Amino acid sequence: MGFFPAIAGLAAPVAEVDWRGVAQAVTAASLLVLLAIYAVSAWRRGQRSLAGQRITRSGVAFSLLTLAAALVALHTKINFLVLLFGMLLSALVLSFALSRATMRRLSFARALPEGVHAGTPFTVELRAANGKRWLASYCLAVRDELPEGLAAGRPGGVALVLRPRETLALSYTATAARRGVYPLRAVTYSTRFPFGLFHQGRSRPVPGELVVYPRLGVVSAELLGRARALALARHRSRGARGEEEFRDLREYRHGDNPRRIHWKTSAKLGKPLVREFESVASERALLLLDTRCPASGDERLEAAISFAASLARDLLHRGFALGLAAYAPDLVVVGPAQGAAGLRLLLEALARLEPAPARTLSELAAEPRVRAQGRLLAILAVRQADDDAAAAADLLRRQQPWVLMVDASAPSFADLFQLRHDGTSQDE
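Description of the structure in this document. (Residues numbered from 1 in each chain as written. Predicted model: local features only at pLDDT ≥ 70, side-chain atom pairs only at ≥ 80, totals over all residues. Heavy atoms only, no water.)

## What about the packing of helix 3 (residues 57-76) against helix 4 (residues 79-102)?
Going by this rule: A fitted line through C-alpha atoms represents every axis, and for helices the fit uses only the stretch in contact; the resulting angles, taken between N-to-C directions, go from 0 to 180 degrees. Only DSSP runs of H or I with at least four residues qualify as helices, and only runs of E with at least two residues qualify as strands; both kinds are numbered from the N terminus onward. Here is the rule for angles: anything less than 35 degrees is roughly parallel, anything more than 145 is roughly antiparallel, 65 through 115 is roughly perpendicular, and the remaining ranges are oblique. Throughout, a crossing is termed right-handed when the near helix is turned clockwise from the far one, and left-handed when it is turned anticlockwise from it by less than a right angle. By the convention used here, residues are in contact when the closest approach between their heavy atoms is within 4.5 Å.
Here helix 3 crosses helix 4 at 155°, and the two axes come no closer than 8 Å. Overall, the two elements helix 3 and helix 4 adopt an arrangement that is roughly antiparallel. When you trace helix 3 past helix 4, the crossing you get is left-handed. Contacts between helix 3 and helix 4 involve Phe 62, Ser 63, Leu 65, Thr 66, Ala 69, Ala 70, Val 72, Ala 73 and Thr 76 from the former and Leu 81, Val 82, Phe 85, Leu 88, Leu 89, Ala 91 and Leu 92 from the latter.

Structural data, given as structure tokens:
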């Protein structure tokens, strides 16, 4: 038996195969697979999930067209239809491979702003970096996964071309509904490059923390004037008692008090030097905040916190040295703080504050760290005036007579403080 007859004998059973039945079976199986993929894709679209890999509606239609071309080519065995089927199948494979390549070796970072206030729009910057050496990434849709309480029309952006080793910044504008600390965890990115037949999506952890300061408002000039008057009264009282601070040594001038001569230094330098003093120039105040509230989000508590933040802004801009004391729910004592850095310190403490339903104002006024602040103007911001608030005010007045109490539940509170709702923070 020769070689060619043997080959012919092996090919004879193959020629007897029912190719029409095989084509029908392959077509039916492919249709079932495509329908399953389409059903999963439709379900994921209902969940609005960007992560994951799925075929698009265009991809399903293109796949059905490819199957139809395959079926007709198998039945008719026309070379043009076989070529058409090969071209359609190549486009499917190329689309899948290029979309996978686009998603490789991408990294993301997030730049969060500082000084964000509730109700005020702010800008977040996402940085997308392509770590591939030779290949670019195309048509990347990047989305920041925002926690509840943060809202943005489109929390991300689109990078049409991200060249090799390139970093691109994508910015979006968001707004926080209320103060607090918002944890940011992940960034989702996806592409449908090149033909829109397949959706490739990934989720990358990009941890971050956004601190949102309380909403600011307008404190009445009358209240600020009362606080300034009480602080000046305290200042004059200290001056009457001779409470002054040493500043420097200078040469003796005619008319200086001889008692202020620093004899040791004068003898060393061979000329009379006197101690120069100055009265305490900055007005000092301590803000005590009522946090007796069963849960976060209480309207009166948030109003008191916004009032405290706005008052701190105005007093510090007027040269005060301001401290803060509150249960949050543990005792928090900040300051005395001054200037822009001090204001940021106070606002961050107010942003992180949580209710303390089991702690009273009288306990706060009796805390050793609060009493150690000394004789200074005490401003008591209470969520609701009651017997405990009155007891706290009396306890403070035993140490110093300069106590100013503001009740967030009183009808007159609206005359003392007005929240702004126009999206501006009114930082002076």
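## Quick notes on the pattern of salt bridges
Any two side chains of opposite charge can pair, on the condition that their charged atoms come close. Operational definition: Salt bridges are identified by distance alone: a Lys or Arg side-chain nitrogen within 4 Å of an Asp or Glu carboxyl oxygen. Each residue is placed in one exposure class: buried if its accessible area under a 1.4 Å probe, protein chains only, is under 20% of its type's maximum, exposed if it is over 50%, and partly exposed if it falls in between.
Taken as a whole and judged by the stated rule, the model has 14 salt bridges. Of the charged contacts, one joins Arg 179 and Glu 302 as a salt bridge, the two residues approaching to 2.9 Å between their closest N and O atoms. Taken together, the residues span a long stretch of sequence, with Arg 179 in the loop between strand 8 (167-176) and strand 9 (180-191) and Glu 302 in helix 7 (residues 299-317) at a distance of 123 residues. In this pair, the class of Arg 179 matches that of Glu 302, namely buried.

## With respect to the side chain of Asp 407
Short version of the rule: Polar contact criterion, stated in full: a pair of N or O atoms within 3.5 Å, where within protein one must be able to donate a hydrogen and the other to accept it, and residues adjacent in sequence count only if both atoms are side-chain atoms.
Along the chain, Asp 407 falls in strand 18 (residues 403-407). Within polar-contact distance, the side chain of Asp 407 engages the backbone nitrogen of Ala 385 at 3.3 Å. Not counting chain neighbours up to four residues away, the residues in contact with Asp 407 comprise Val 382, Arg 383, Gln 384, Ala 385 and Phe 413.

## Focus on the nonpolar core
To keep it simple, the criterion reads: Here, nonpolar core refers to any group of buried Ala, Val, Leu, Ile, Met, Phe, Trp, Tyr and Cys residues whose side-chain atoms link them within 4.5 Å.
Leu 289 and Phe 307 are the most contacted members of the largest nonpolar core, which has 46 residues in total. Considering every element that reaches this core, the biggest residue donor is helix 7, with eleven residues.

## So, the sheet that holds strand 17 (residues 377-382)
What holds strands together in a sheet is hydrogen bonding between their backbones, with the strands either parallel or antiparallel. This is how the line gets drawn: The criterion for strand pairing is that DSSP finds at least two bridges linking the strands in question.
Spatially, five strands are ordered 16-15-14-17-18 in an open sheet, and the strand pairing comes out mixed. Bordering the open sheet on either side are strand 16 (331-337) and strand 18, each of which pairs with just one other strand. Neighbouring strand axes in the sheet, compared pairwise and without regard to direction, differ in orientation by 15° on average. As judged from the five bridges shared by strand 17 and strand 18, these two strands associate in the parallel manner.

## What about the pairing of strand 10 (residues 198-213)?
In the case of a regular strand, side chains alternate between the two sheet surfaces. For strand 1 (residues 52-55) and strand 10, the ladder comprises four bridges, and the chain directions are antiparallel. Bridging across to strand 10, Gln 53 finds its partner in Gln 200. Summarising the sheet, strand 3 (residues 116-117) and strand 10 pair through two bridges and their orientation is parallel. Counted as the bridge partner of Val 116 is Val 212 from strand 10.

## Quick word on the pairing of strand 14 (residues 284-289)
The cut-off we apply is this: A crossover gets the label right-handed when its path from the first strand over the helix to the second runs clockwise, viewed with the strands pointing away from the viewer.
For strand 14, a buried count of five out of six residues is recorded, marking the element as mostly surrounded by other parts of the structure. Relative to strand 15 (residues 321-327), strand 14 runs parallel, the two sharing five bridges. By the bridge assignment for strand 15, Leu 287 is matched with Leu 324. In this fold, the crossover linking strand 14 to strand 15 by way of helix 7 has right-handed handedness.

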